[in-house]
Amino acid sequence: MKHTRLKRLAFLGLSLAVMAGAVTALGSASLSKTAKAAELPVKQPVQTGVTVYANDKATVDASNLAEGYVMVKYTGGKQVRIKVQITKSGGITYTYNLNSGGNYETFPLTEGDGTYAIKVFENVSGTKYAQAQACTVNMVLRNDFLPFLYSNQYVDYDSGPQTVAKAAELTVGASGDLDKVQKIFDFVVDQFTYDYEEAATVQSGYLPRLDRVLASRKGICFDYAAVMTAMLRSQNIPCKLVVGYAGTVYHAWINVYIAGTGWVDGLIVFDGTSWTLMDPTFVSSGGRSQSIMSYVTNSSNYTQKYAY
């Protein structure tokens, strides 16, 4: 990258690669169903127990496939590393970490309608894992926006009440979804700073704790994107947390659905004539400088790999 500040960010952006090392790609869902996002009430994931695949090692609650998610918990009773793999038929495998304490976590199914294989693995020694549970489910979404409206492991606003409250505060009196997006974008870009210490020390498996990030007003690109995604989803605006490449470096940003416009992939700010690229980390850390704005408004600098 040509600019000194951007080079520094790119180097520190490698911290996201540590987090993403356990994750492989899933494509984003194609939106074919026609119900409006605004007609869908924002709800939290629930363990309804209607359709459950369970053994003495793990439980998969697939009761809410129509909503675009599954919930998984490990019940083997061992304090070991646990992985969850989700693969749509003909697609690429998504790999997540799962807590070993027997608590459910929510995982989105973001490639749209189809058959998904869900597998749970427990660590047996070193880097070796044994399969603890496996099931195959068929998902037919009642609305294609849903995977991008719910709280999940990566965008856990269920455990971020202050983040949700701040989004509500910021959007009071907003004239519509685009105005809400602008208010949330301006708040994060202008109030947050890049956390260089966290970038240098972040460990594999890191997940943003939204209220902690909000309170500190700082974070890495994953934090920026997760906070904005959570705020927008809590306002019933479909939003994808995207992980991919900025140049040659792993990075995170957001894609947003705007009624009347559709999915705006990598673009968010509209000045009355054109959209400018959404990258809250670079825009914030770069102080909205001309060089940073030039970089982030060039979509060829970005390659999407994962959508959550």
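Described in the following lines is the structure provided in the data block. Please read all numbers here as calculations on a predicted model, not as lab measurements. (Residues numbered from 1 in each chain as written. Predicted model: local features only at pLDDT ≥ 70, side-chain atom pairs only at ≥ 80, totals over all residues. Heavy atoms only, no water.)

### Here's the deal with the pattern of salt bridges
Formally: The term salt bridge refers to a side-chain nitrogen of Lys or Arg lying within 4 Å of a carboxyl oxygen of Asp or Glu. Secondary structure elements are defined from DSSP: runs of H or I of at least 4 residues count as helices, runs of E of at least 2 residues count as strands, and each element is numbered from the N terminus. Each residue's exposure class comes from its accessible area (1.4 Å probe, protein chains only) as a fraction of the maximum for that residue type: buried when under 20%, exposed when over 50%, partly exposed otherwise.
Following the criterion strictly, the structure yields four salt bridges and no others. Across the pair Lys57 and Glu122 runs a salt bridge, and its minimum N-O distance is 2.9 Å. Taken together, the residues span a long stretch of sequence, with Lys57 in the loop between β1 (52-54) and β2 (58-61) and Glu122 in strand β7 (residues 114-125) at a distance of 65 residues. The exposure class assigned to Lys57 is partly exposed, which follows from its relative accessible area of 22%. Taking relative accessible area as the criterion, Glu122 reaches 5% and is therefore assigned buried. A network of salt bridges, in which partner residues are shared, links Lys57, Lys78 and Glu122.

### Here's the deal with the nonpolar core
Defined as follows: As used in this record, nonpolar core signifies buried Ala, Val, Leu, Ile, Met, Phe, Trp, Tyr and Cys residues forming a set joined through side-chain atoms within 4.5 Å.
Val70, Val84 and Ile86 are the most contacted members of the largest nonpolar core, which totals 64 residues. The greatest single-element share of this core, amounting to 10 residues, is contributed by helix α7 (residues 221-234).

### A word on the packing of helix α4 (residues 177-191) against α7
Spelled out, the test is: Axis lines are fitted through C-alpha atoms, for helices just across the contact stretch, and the angle between N-to-C directions can take any value from 0 to 180 degrees. Roughly parallel means an angle under 35 degrees; roughly antiparallel, over 145; roughly perpendicular, 65 to 115; everything else is oblique. Put simply, a crossing is left-handed when the front helix is turned counterclockwise from the back one by less than a right angle, and right-handed when it is turned clockwise. Contact between two residues is taken to exist if any of their heavy atoms lie within 4.5 Å; hydrogens are not considered. Each residue is assigned to one class: nonpolar for Ala, Val, Leu, Ile, Met, Phe, Trp, Tyr, Cys and Pro, charged for Asp, Glu, Lys and Arg, and polar for all the others, Gly among them.
The interhelical angle for the contact between α4 and α7, taken along N-to-C directions, is 150°, at an axis separation of 10 Å. Between α4 and α7, the angle is such that the two are roughly antiparallel. The interaxial crossing formed by α4 with α7 has right-handed handedness. The segment α4 lies against α7, with Val181, Ile184, Phe185, Phe187 and Val188 engaging Tyr224, Val227, Met228, Met231 and Leu232. Of the residues contributing to the contact of α4 with α7, the split by class is 10 nonpolar, no polar and no charged.

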